[in-house]
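Here's the letter readout for the chains.
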Amino acid sequence: METVNATYSYITNFEVMQILQQIKGTKKKWGMHNLATVTYEALQYLEESPCKTQTRESIKGYLCDLATYRLMPHEQLQMVNDPPTSALHTQLLIDDNKVPLTDEENEAIIGLTHKHFANTTSEPVQANQQAPT
């Protein structure tokens, strides 16, 4: 297999989901059963993740606001793909070799998460908990 147009940038789960939805929507699937299976399974996973309710504008705004912190591009990508909801969650997304964020910075990043991804930060119902009725 040959790489026709190599790009050196990261894409978010939101962008992956959009690409997979385009692939799923194409009618030309001549003998591509494996591609259809992988597309279906990946979409099932992504549609249960926070990217389901994210928008391009909310991601852009979040990344602009995160630019004030000393985060690497891959750390910002992780925060978009898995928006942090606690200080521990934020620290787990950041490399260990860096100076840890202060408590204020952690709280500010969590606030940005709630601001830009308000409907994506709800915690899933645990197996031993009952869903509200």
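No experiment lies behind these values; they were computed from the predicted model shown.

Two elements in contact, helix α3 (residues 56-66) and helix α6 (residues 103-116), have axes whose closest approach is 10 Å; the angle formed by their N-to-C orientations is 160°. Between α3 and α6, the angle falls in the class roughly antiparallel. Here the hand of the crossing between α3 and α6 comes out right-handed. Taken together, the residues of α6 that come into contact with α3 (itself represented by Ser58, Gly61, Tyr62, Asp65 and Leu66) are Ile109, Leu112, Thr113, Lys115 and His116. Of the residues that constitute the contact of α3 with α6, the class distribution is four nonpolar, four polar and two charged.

Okay, the packing of α3 against helix α4 (residues 73-81) next. Remark: α3 packs on α4, axes separated minimally by 11 Å, with the N-to-C direction vectors making an angle of 135°. Considering their axes alone, α3 and α4 lie oblique with respect to each other. Our pair here, α3 against α4, has a crossing hand that is right-handed. In this structure, α3 contributes Ile59, Tyr62, Leu63 and Leu66 to the contact, and α4 contributes Gln76, Met79 and Val80. Split into classes, the residues belonging to the contact of α3 with α4 amount to six nonpolar, one polar and no charged.

Bringing the layout of surface pockets into the picture now. Over the atoms, a rolling probe the size of a water molecule traces out where space has been left empty. Put simply, the second largest pocket is a space of about 200 Å³. Taken together, the elements giving at least two residues each to the lining of the second largest pocket come down to α1 (13-25), α3 and α4. Across the lining of the second largest pocket, the residue classes tally to eight nonpolar, two polar and three charged.

Our next topic: α4. For α4, the full list of buried residues reads Glu75, Gln76, Leu77, Met79, Val80 and Asn81. Of the surrounding secondary structure, the elements contacted by the buried residues of α4 are α1, α3, α5 (87-92) and α6.

On to the environment of Ser58, then. Turning to its location among the elements, Ser58 is positioned in helix α3. For Ser58 and His116, which are 58 residues apart along the polypeptide, the C-alpha to C-alpha distance reads 5.4 Å. Filtering out sequence-adjacent residues up to four positions away, Ser58 remains in contact with His116 and Phe117. Among the polar contacts made by the side chain of Ser58, one reaches the main-chain carbonyl oxygen of Thr55 at a distance of 2.9 Å.

How each quantity is defined
- Residues numbered from 1 in each chain as written.
- Predicted model: local features only at pLDDT ≥ 70, side-chain atom pairs only at ≥ 80, totals over all residues.
- Heavy atoms only, no water.
- Axes fitted to C-alpha atoms, helices over the stretch in contact; angles between N-to-C directions.
- Helix = DSSP H or I, 4+ residues; strand = E, 2+ residues; numbered from the N terminus.
- Parallel < 35°, antiparallel > 145°, perpendicular 65-115°, else oblique.
- Left-handed = near helix turned anticlockwise from the far one by under 90°.
- Contact = heavy atoms within 4.5 Å.
- Nonpolar A, V, L, I, M, F, W, Y, C, P; charged D, E, K, R; others polar.
- 1 Å grid on protein atoms, 1.4 Å probe; cavity = no way out; pocket = protein on both sides within 12 Å on 5 of 7 lines; lining within 4 Å.
- Points joined across faces, edges and corners; volume = space filled by probe spheres on them.
- Buried < 20%, exposed > 50% of the residue type's maximum accessible area, 1.4 Å probe, protein only.
- Polar contact = N/O pair within 3.5 Å; in protein donor to acceptor, adjacent residues only side chain to side chain.

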